[in-house]
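Understanding the architecture of this molecule
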Amino acid sequence: MEISKEILKEMNRLRETGLSNMCAENSLFEIAKLTIEINRLKKEKNAVICAHVYQRPEIIAGVGDFSGDSYKLAKDAVNVKADKIIFCGVHFMAETAKILNPEKKVYIPDTEAGCSLSESISAADIKKLKKMHPGAPVATYINTSAKTKAESDVVVTSANAEKILTRLFEKHKKVIFVPDRYMGINLAKKLNKKIGKDIILWEGKCIVHEKFNAKLIREEKKRISGLLALAHSECPAEIIKEVDFMGGTGDMMRYIEKTQAAAYMLITECAMGEVAKMRFPSKNFVSMCRLCPYMKTITLEKVLETLRNPKKEQEVNVEEAVAVKAKKAIEKMFELAE
Ligand code: SF4
């Protein structure tokens, strides 16, 4: 079969991103056919693609205009110059992009891309917590719906939660942190705060980060001398105890960049390891990851279909009154995190 010059050129571009280390030559050919069409349609429709770091690597490397963790994507969304945003991530992230870009059309390629943390709490739950703890500010993890954010005082991400909570504790004795219980426990430990007294937590959990195995981490560290283990701050405390570094995905990337280790074990969603391998091809990575079923619902084929023929239900909208209040909580994050 003869391969066109255009596809060969695209395959070379994809190889340069490091994607070829992860897939066979025939998959690269199939990916190239899709990325050519997606990138052409992006221009034609004046659209940009935001891709979370847990997305499939071919989406991040092949068609993503903006890529990163929730905080970076929220910041990037402020500066988007396009008519449309195709958000490759989960629903709450697309909502955040819409809140920050009310005049743009925002689409999610798969409406099933939810999040266990986001679904664990509602706006009504926040109202109840505020009644139970009057005067305590509510710091809400970004992995929540727009309605939940709207009832909160400030939004936080894994990259800035510690900094923002520190600032809140300068003025308040008690802070409500929702919904990620494990992240709350890790923060309470770092900030030396008593759970239930100084910091009020919720029972939300990330189905990806709650299931890692501390014994396996210990065994791998024994097996590979010089192995550095990094865990996402959504992991339980017994995992955090075993690792050399805890943080959000952006913090983990920076840590890898700054250090030299025999190997790295990334205890988080699998795509993070794949992106790290592409970014640091000379470093070694040991596998210890889990797939997020929500993040992985999005494929290049679905991105292409959304660009070609967006369906009504794929368009992400946020009620104006909710968006105004949620935006205030997001902007408070930008203010306190800088
Ligand atoms: S990895 Fe966890 S927190 Fe992130 S989208 Fe998936 S379920 Fe939600």
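The text that follows walks through the structure, step by step, so that each part is easy to find. By convention here, each chain's residues receive numbers from 1 onward along its written sequence. Note on the predicted model: pLDDT of at least 70 is required for a residue's local features to be given, and 80 or more for side-chain atom pairs to be given and counted; whole-chain, interface and lining totals, by contrast, use all residues. Only hydrogens and water are removed before side-chain values are computed, so all heavy atoms of the structure are retained for them.

Of the regular secondary structure elements, the chain holds 16 helices and 13 strands. The C-alpha atoms of the chain give 20 Å as radius of gyration, which agrees with the globular expectation for 338 residues (20 Å, within 12%). Projecting the C-alpha coordinates of the chain onto the three principal axes gives extents of approximately 70 × 55 × 30 Å. Type-normalised accessible area, obtained with a 1.4 Å probe on protein chains alone, sets the label of each residue: buried when under 20%, exposed when over 50%, and partly exposed for intermediate values. For the chain, buried positions account for 58% of its 338 residues. Here the analysis covers contacts within the chain between residues at least 6 apart in sequence; of these, 64% occur between residues at least 24 apart. Calculation of accessible area relied on Shrake-Rupley with a 1.4 Å probe; when residues are assessed, cover is drawn exclusively from the protein chains displayed. Entry remark: accessible area of the chain is about 15,600 Å², with carbon and sulfur atoms responsible for 50%. In this tally, Lys and Arg are treated as positive and Asp and Glu as negative; His is ignored, and so are the chain termini. Positions of charges follow a simple convention, taking NZ of Lys, CZ of Arg, CG of Asp or CD of Glu. Averaging the locations of the 57 positively and 46 negatively charged side chains of the chain gives two centres separated by 5 Å. Numbering of helices and strands starts at the N terminus; helices are DSSP runs of H or I of at least 4 residues and strands are runs of E of at least 2. All radius of gyration figures rest on C-alpha atoms, and the globule criterion is 2.2 Å times the number of residues raised to 0.38. Contacts between residues were defined by any pair of non-hydrogen atoms, one from each residue, lying within 4.5 Å.

For the rest of this paragraph, the subject is the packing of helix α5 (residues 91–100) against helix α16 (residues 320–337). Axis lines are fitted to C-alpha atoms, over the contacting stretch for helices. Their N-to-C directions set the angle, which ranges from 0 to 180 degrees. One can describe the packing of α5 onto α16 by two numbers: an axis separation of 10 Å at closest approach and a directional angle of 95 degrees. Between α5 and α16, the crossing angle belongs to the class labelled roughly perpendicular. Taking contact as the criterion, the partners of Thr96, Ile99 and Leu100 in α5 are, on α16, Ala323, Ala326, Lys327, Ile330 and Phe334. For classification purposes, angles smaller than 35 degrees are called roughly parallel, those larger than 145 roughly antiparallel, those between 65 and 115 roughly perpendicular, and all remaining angles oblique.

Next up on the list: the state of the cysteines. When the sulfur atoms of two cysteines come within 2.5 Å, that pair is taken as a disulfide. Per the counting criterion, the structure on display carries 1 disulfide. Unpaired in this structure, Cys50 has its nearest cysteine sulfur neighbour in Cys88, at a distance of 8.4 Å. Relative accessible area serves as the criterion here: at 0%, Cys50 is assigned to the buried category. Judged by its relative accessible area of 0%, Cys88 falls in the buried class.

Here helix α1 (residues 5–16) spans 17 Å end to end across 12 residues, near enough to the 16 Å set by a 1.5 Å rise per residue. Three or more residues of α1 are buried, namely Ile7, Glu10, Met11 and Leu14. Each buried residue of α1 lies within a common arc of 105 degrees when the element is viewed along its axis, so the set occupies one face. Exposed residues on α1 whose side chains face more than 90 degrees from its buried face are Lys5, Lys9 and Glu16. Residue Gly18 follows α1 closely and has a positive phi angle near 95 degrees. A helix's residues, less one, multiplied by 1.5 Å, set its expected span. Arc definition: it is the arc formed by the directions from the helix axis to the C-beta atoms.

Aromatic rings from Phe, Tyr and Trp, taking only the six-membered ring of Trp, are treated as a pair when their centres fall within 6.5 Å; an angle between ring planes under 30 degrees marks them as stacked, one over 60 as edge-to-face, and anything in between as tilted. Scanning the model with the defined rule gives 3 aromatic pairs in all. The interplanar angle of 20 degrees and the centroid separation of 4.4 Å between the aromatic rings of Phe245 and Tyr255 together place this pair among those described as stacked. Remark: Tyr255 occurs in helix α13 (residues 249–258) and Phe245 occurs in strand β10 (residues 245–247); sequence separation between them is 10 residues. Taking relative accessible area as the criterion, Phe245 reaches 21% and is therefore assigned partly exposed. The ring of Phe169 carries the charged tip of Lys193 above its face, separated from the ring centre by 4.5 Å. Each ring is checked for a lysine NZ or an arginine CZ that lies within 6 Å of its centre and within 35 degrees of its normal; such an atom marks a charge sitting over the ring.

The subject of this paragraph is the site of the ligand. Surveying the vicinity of the ligand reveals 13 residues, the closest of which are Cys115, Asn143, Cys206, Glu234 and Cys292. Ten residue types, Ala, Val, Leu, Ile, Met, Phe, Trp, Tyr, Cys and Pro, are classed as nonpolar, four, Asp, Glu, Lys and Arg, as charged, and the remainder, Gly among them, as polar. The class makeup of the residues in the shell around the ligand is 10 nonpolar, 2 polar and 1 charged. If a single non-hydrogen atom of a residue is within 4 Å of a molecule or strand, that residue counts as near it.

With that settled, the discussion passes to the pattern of salt bridges. Oppositely charged side chains can form a pair if their charged atoms are brought close together. Salt bridges are identified by distance alone: a Lys or Arg side-chain nitrogen within 4 Å of an Asp or Glu carboxyl oxygen. Inspection of the entire model under this criterion finds 27 salt bridges. In this structure, Asp198 engages Lys197 in a salt bridge whose closest nitrogen and oxygen atoms are separated by 3.8 Å. For Asp198, a relative accessible area of 15% gives the class buried. Lys205 is the salt-bridge partner of Glu203, the closest N and O atoms lying 3.9 Å from each other. Of the residues examined, Lys205 reaches a relative accessible area of 29% and is grouped as partly exposed.

What makes a nonpolar core is a set of buried Ala, Val, Leu, Ile, Met, Phe, Trp, Tyr and Cys residues whose side-chain atoms join them at distances within 4.5 Å. Grouped together as the largest cluster of nonpolar side chains are 102 residues, with contacts concentrated most on Phe87, Leu165 and Phe177. Top contributing element to this core by residue count: α16, with 9 residues. The residues touching Phe177, leaving out its near neighbours within four places in the chain, are Ala139, Tyr141, Val156, Leu165, Met183, Gly184, Leu187, Ile199, Ile200, Leu201 and Trp202. Within the second largest apolar cluster, 17 residues are counted, among which are Ile224, Ile240, Ala263 and Met288.

The next thing to look at is the sheet that holds strand β2 (residues 66–68). Ordered by their spatial adjacency, 4 strands build an open sheet running β2-β1-β3-β4, and the pairing between neighbours is parallel. Both edges of this open sheet fall to β2 and β4 (105–107), since each of them pairs with a single strand only. Looking at each pair of strands side by side, their axes are set apart by 20 degrees on average, direction ignored. Strands qualify as paired when DSSP identifies two bridges or more between them. Two strands pair when backbone bridges link them, and strand β3 (residues 84–88) and β4 are joined in this way by 3 bridges, in the parallel orientation.

On their own, these measurements won't tell you what the molecule is for.
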